[in-house]
Amino acid sequence: MGKLALAAKVTHVPSMYLSELPGKHQGCREAAIQGHRIIGQRCRDLDVDTFVVLDVHWLVNGGYHVNCNSGFKGRYTSNELPHFIKDMDYAYRGNPQLGRRIAECANAAGVGTRSHEIDSLELEYGTLVPMRYMNGDGHFSVVSVAAWCAWHSLDDSRRFGAALRQAIEASDSRVAVLASGSLSHRFNDNGSPEAAMHQISREFFRQVDLRVVDLWRQGDWKSFCAMLPEYADLCVGEGGMHDTAMLLGLLGWDGYDKPVEIVTDYFASSGTGQINAIFPVPA
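Residues numbered from 1 in each chain as written. Predicted model: local features only at pLDDT ≥ 70, side-chain atom pairs only at ≥ 80, totals over all residues. Heavy atoms only, no water.

Colleague: I'm lost on the overall build of the protein in this one. Help?
Modeller: Per the secondary structure count, the protein includes eight helices and ten strands. In terms of overall size, the protein behaves like a compact globule, its C-alpha atoms giving a radius of gyration of 17 Å where 283 residues would be expected to give roughly 19 Å. Considering only contacts in the protein between residues 6 or more positions apart, those separated by 24 or more positions represent 80%. As presented, the protein carries roughly 11700 Å² of accessible surface, and 48% of it is formed by carbon and sulfur atoms. Placing the 26 positive and 33 negative side-chain charges of the protein at their respective mean positions leaves the two points 2 Å apart. (Helix = DSSP H or I, 4+ residues; strand = E, 2+ residues; numbered from the N terminus. Rg over C-alpha atoms; globule rule 2.2 N^0.38 Å. Contact = heavy atoms within 4.5 Å. Areas by Shrake-Rupley, 256 points an atom, 1.4 Å probe, with all protein chains shown as cover. Lys, Arg positive; Asp, Glu negative; His and termini not counted. Charge placed at Lys NZ, Arg CZ, Asp CG, Glu CD.)

Rendered as structure tokens:
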């Protein structure tokens, strides 16, 4: 019998990798990196064997998709921000059995989903950045789920999340699920000064993000789920915030009532709002 052992919303900002490198930005994202390491250690303590990452950097235009190769290995450079992430090596085991079961359960629930075992289907940095700090030694297996769902409804992503929970519980795996994406996600305008890498793009976005974090701390998921479609739209949520809808579908949507544990305090990065937060798993 499988188990959902941990759930979290995490940042994957590429400046975390830049923060490792010698130069003027070295150390700038140490709090976010340490937050990932704390989550990784928590997963070891809970005997997790597999990360399922809901990755808003994997764009799909139709259906739901799961990358469940038996292994992933390569050298990654971001085509979006090659001056932030370049030549980043990675190697992780996969969990094809779990990936296939996710697709089976989602399809049975009426949410069209495909699982893929294609060697040339590579991981995106929404998966690679968290895995670098949580899973640097390859201790955990990895399954990646497309969560930049360009033409999908948030309700379908909620239903996918509920099916994901069923798949985990019907598996032989102890699983941590990561919604890998930002809060507000309106980047700074082109030509902004370099110092803007540490600023929010609009004060409106910061204020709404902070109110959202307050709701999360209170466990007021009824209010948050009611506002999620407008929040994702008005605050330019990353990938439409489908990762967040999947995560809450996994946890019970507006029936979920647990306050989050903030692991890395809210911070701004290149105009966007970011956080690391653990969502306690209900019995």
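The discussion continues.
Colleague: Sorry if this is basic, but what is going on with the packing of helix 3 (residues 96-108) against helix 5 (residues 154-169) here?
Modeller: Axis angle and axis distance: for two packed helices, these are the angle between their axes and the distance between the axes, and together they describe the pair. Between helix 3 and helix 5, the shortest axis-to-axis distance is 8 Å and the interhelical angle comes to 130°. Taken together, helix 3 and helix 5 sit at an angle that is classed as oblique. Our pair here, helix 3 against helix 5, has a crossing hand that is right-handed. Only Phe160, Ala163, Leu164, Gln166, Ala167 and Ile168 of helix 5 make contact with helix 3, whose side of the interface consists of Leu98, Arg101, Ile102, Cys105 and Ala106. For the contact of helix 3 with helix 5, a count of residues per class yields nine nonpolar, one polar and one charged. (Axes fitted to C-alpha atoms, helices over the stretch in contact; angles between N-to-C directions. Parallel < 35°, antiparallel > 145°, perpendicular 65-115°, else oblique. Left-handed = near helix turned anticlockwise from the far one by under 90°. Nonpolar A, V, L, I, M, F, W, Y, C, P; charged D, E, K, R; others polar.)

Colleague: Before we go on, may I ask you to explain the side chain of Asp209 in this structure?
Modeller: Along the chain, the position of Asp209 falls in helix 6 (residues 203-218). Comment: no salt bridge for buried Asp209; closest opposite-charge side chain is Arg206, at 8.1 Å. At 2.6 Å, the side chain of Asp209 and the side chain of Tyr231 are in polar contact. (Buried < 20%, exposed > 50% of the residue type's maximum accessible area, 1.4 Å probe, protein only. Salt bridge = Lys/Arg side-chain N within 4 Å of Asp/Glu carboxyl O. Polar contact = N/O pair within 3.5 Å; in protein donor to acceptor, adjacent residues only side chain to side chain.)

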